[in-house]
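Next come the chains, spelled out residue by residue.
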Amino acid sequence: MSQLVQETQKTIKEAVISAINAAVLKGELPEAEMPDFIIEKPSDKKNGDFSTNVAMAGARVYRKAPQMIAKSIVDNLNLENTLFEKAEIAGPGFINFYLSQKYYSEIVRDVIAKGEDYGKSDFGKGKSVLVEFVSANPTGPMHIGNARGGAIGDCLAAVLEYAGYETKREFYVNDAGNQIEKFATSLEIRYLQACGEEIELPEDAYHGADIIEHADNFKAQYGDKYAKCGSEERRKALVDFALPKNIEGLERDLKKYRITYDKWFRESTLHADGSVEKVINALKEKGVTYEQDGALWFKASEFGNDKDIVLVRANGLPTYIVPDIAYHYNKLITRGFDKAIDVLGADHHGYIARMKAALTALGIDASRLDIVIMQMVRLVRDGETIKLSKRSGKAITLGTLLEEVPIDAARFFFNLREPNSHFDFDLELAAKQSSDNPVYYVQYAHARICSIIRKAQEQGVVIKSPDEINLDLLSGDEERELITHLSKLTDEIISAARQYDPAKITHYVIELATLFHKFYNAKRVVVEEQELMQARLTLCIAVKNTIANILTMLKIDAPQSM
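The sections below set out a description of the structure shown in this document. (Residues numbered from 1 in each chain as written. Predicted model: local features only at pLDDT ≥ 70, side-chain atom pairs only at ≥ 80, totals over all residues. Heavy atoms only, no water.)

A few points about the overall build of the protein
Using the following cut-off: By the criteria applied, helices consist of DSSP H or I runs no shorter than four residues and strands consist of E runs no shorter than two, each listed in order from the N terminus. Burial classes follow relative accessibility: with a 1.4 Å probe on protein chains only, a residue under 20% of its type's maximum area counts as buried, one over 50% as exposed, and anything between as partly exposed. Contact criterion: two residues are considered in contact whenever any of their non-hydrogen atoms come within 4.5 Å of each other. The protein chains shown are the only cover counted for residues, whose accessible areas, like all others here, come from Shrake-Rupley with a 1.4 Å probe. This count recognises Lys and Arg as positive and Asp and Glu as negative, with His and chain-terminal groups excluded. Where a charge sits is defined by one atom per residue type, namely NZ (Lys), CZ (Arg), CG (Asp) or CD (Glu).
Tallying secondary structure elements over the protein gives 21 helices and 15 strands in all. Looking at the protein as a whole, 52% of its 562 residues are labelled buried. Contacts spanning at least 24 positions in sequence make up 71% of the contacts within the protein whose residues lie at least 6 apart. For the protein, the exposed surface amounts to about 26300 Å²; the carbon and sulfur share of it is 47%. The protein carries 70 positive and 83 negative side-chain charges, and their two centres are separated by 1 Å.

What follows is the structure, encoded as structure tokens:
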């Protein structure tokens, strides 16, 4: 929670304890051990700004009815020099506290004083977190699921940074294993076809136009030279030619999407440096493997899985799970991250239990790995689901999406729902410049405030510093409601970090924009009364700064005008 809210709750606790001690000295309450009690913000404002259950919690130790205890506490409360104006007893003995105007004034000052740091906290205590996301196979372009994973992963990393974690972003390049073998097969056959050979492409190969393009470009550069050599040499040459181009394409599209990784980690390095072999040997040494039908199995069923897992096939080749185990071992042990977070598609539910079982078997605390499951997204236009690009006849990729939809909208829209919920992406709405479009609505609030400030300055208004302004004049319902929402940002960021849900932040900023528009429609900002105008302009600046902080965190533009 924000520092001011923490201090306010601490003030209540200290005031309540002092009141109880005073009541005990007067003989109104018996001497007893101080009861444990909670202080919370009621959902209904009628029940005050903060409320405590101390009277009910103390009923047993003080041997009195909660309402009698509450009365003794309230009668002995000293709220002088605090941010509260009164306390009242409600219901069976709740004590409700009502904030004074000074509290709201202090929030506005706090927002402006912190500037670009408003919303940040030390909740994470500097713990190191590695967020791995997208990690699309480099055998083709990124699809819409990758587009959602990119926005979620990048914004989640930003939320964790704001919440006080030392965060790194990583892309895991699957440049080894079955998918590369399939890639090589697809390239080889397309190349041989281009060289005039009549040969069929297997049904399970990659049939995309990008494979044909790579084969044609390879032939244009090398002619039929590799048609005459051995298959192994030909496949290696084709993969060495095409794979770097695909990886460059992934990096280029992601940079356009405003995603930059701290590291592109290649699976092939785990094979090359012996990490894959070390994991197999470590599991053997732990006594959690056995051989059956010529294959090496992991006793995953002893670690909560419904069945055991093949580690090494009868042909001597490791299954995909082995380099994945080695990769997570690298994250948590070799590089020593406190926490590893993977953002994965909905088809990875079973993967979670398998990976955690392997880590546990290796003696690693499996709770250090968290996996965010992301549901699929449907593209919608005119209420109908789109599966193919009308322009190219191919599946819509991240690249083609960003040709149709602004980057700001794509990043914002993909974070409108929590990751594990299905999401319909409305292409028309995302490109629309109206208040129906949530990102436009938020950006318009920022631009409107910039316009208000600009016009005031054009009229000769010099905006004073908050310490020179009587912010207690911000006492209207719309003003207090807006300020209260401003005070919740730090809590929302911490909550989003805890739950791995950046959608909490988009919801927060949409609500902030709504409350600002409500305030603006109810209260004139540039008024004749100078002190009131200064107070309202200062509130506008606090809102503008907060919107800008959130949009910056989400890597979305905060326009000065629209």
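Looking at the packing of helix H18 (residues 477–486) against helix H21 (residues 530–553)
Quick reminder of the rule: A fitted line through C-alpha atoms represents every axis, and for helices the fit uses only the stretch in contact; the resulting angles, taken between N-to-C directions, go from 0 to 180 degrees. Working rule for handedness: look at the near helix, and if it is turned counterclockwise from the far one by less than a right angle, call the crossing left-handed; if clockwise, right-handed. Under the convention adopted here, Pro, Cys and the residues Ala, Val, Leu, Ile, Met, Phe, Trp and Tyr are nonpolar, Asp, Glu, Lys and Arg are charged, and Gly plus all remaining residues are polar.
Running from N to C, H18 and H21 cross one another at 35°; their axes reach a closest spacing of 11 Å. Of the two possible hands of crossing, H18 and H21 adopt the one that is left-handed. When H18 is examined against H21, the residues Glu479, Leu482, Ile483 and Leu486 are found in contact with a partner set consisting of Arg536, Leu539, Ala542, Val543 and Thr546. Taken together, the residues of the contact of H18 with H21 sort by class into six nonpolar, one polar and two charged.

Remarks on the sheet that holds strand S15 (residues 423–426)
To keep it simple, the criterion reads: Between any two strands, pairing holds if DSSP finds at least two bridges.
The sheet built from three strands is open, its strands ordered S14-S13-S15 with mixed pairing. Every other strand in the sheet has two partners, leaving strand S14 (384–386) and S15 as the edge strands with one partner each. Taken over all neighbouring pairs, the strand axes of this sheet differ in orientation by 50° on average, direction set aside. Sheet topology places strand S13 (residues 377–381) next to S15; four bridges connect them, and they run parallel. Within the sheet, the bridge partner assigned to Arg378 lies in S15 and is Asp424.

Focus on the nonpolar core
As a reminder of what qualifies: To qualify as a nonpolar core, a set must consist of buried Ala, Val, Leu, Ile, Met, Phe, Trp, Tyr and Cys residues joined through side-chain atoms within 4.5 Å.
Core analysis: the largest hydrophobic core is formed by 144 residues, its most contacted members being Phe97, Tyr257, Leu401, Phe414 and Phe425. Tallying contributions element by element places H21 first for this core, with 13 residues. If we skip the residues at most four places from it in the chain, Tyr257 touches Ala147, Gly150, Ala151, Leu398, Leu402, Ile407, Ala410, Arg411 and Phe414. Grouped together as the second largest cluster of nonpolar side chains are 34 residues, Val276, Ile280, Ile309 and Ala340 included.

Remarks on the side chain of Arg235
The cut-off we apply is this: Pairing of N or O atoms within 3.5 Å defines a polar contact, subject to two protein rules: one partner must be a possible hydrogen donor and the other a possible acceptor, and residues neighboring in sequence count only if both atoms are side-chain atoms.
Its place among the elements puts Arg235 in helix H9 (residues 231–256). Residue classification places Arg235 among the buried residues on the basis of a relative accessible area of 18%. Among the polar contacts made by the side chain of Arg235, one reaches the side chain of Glu188 at a distance of 3.3 Å. Not counting the four nearest positions on each side in its chain, Arg235 is found in contact with Glu181, Ala184, Thr185 and Glu188.

Concerning the pattern of salt bridges
Oppositely charged side chains may form a pair once their charged atoms are brought near each other. Convention followed: Every case where a carboxyl oxygen of Asp or Glu lies within 4 Å of a side-chain nitrogen of Lys or Arg is listed as a salt bridge.
Inspection of every chain in the model, using the stated rule, returns 29 salt bridges. In this structure, Asp154 and Arg411 form a salt bridge, with 2.8 Å as the shortest nitrogen-oxygen distance. Of this pair, Asp154 sits in helix H6 (residues 144–162) while Arg411 sits in helix H15 (residues 407–413), and the two are 257 residues apart along the sequence. In this structure, Asp154 and Arg411 share a single accessibility class: buried. Residue Glu404 is joined to Arg381 by a salt bridge in which the shortest nitrogen-to-oxygen separation is 2.1 Å. With Glu404 in helix H14 (residues 398–404) and Arg381 in strand S13, the pair connects residues that are 23 residues apart, well separated along the chain. Arg381 gets classed as buried once you look at its relative accessible area, which sits at 18%. By sharing partners, the salt bridges in this structure join Asp154, Glu161, Arg169, Arg411 and Lys555 into a single network.

Digging into the environment of Gln179
Along the polypeptide, Gln179 turns up in helix H7 (residues 178–194). Overall, Gln179 belongs to the buried group, its relative accessible area being 16%. Between the alpha carbons of Gln179 and Pro138 there is a distance of 8.9 Å; along the sequence they are 41 residues apart. In this structure, Gln179 is in contact with Asn137, Thr139, Asn174, Tyr206 and Glu267, ignoring residues within four places of it in sequence. Within the local environment of Gln179, its side chain forms a polar contact with the backbone oxygen of Asn174, the two atoms lying 3.1 Å apart.

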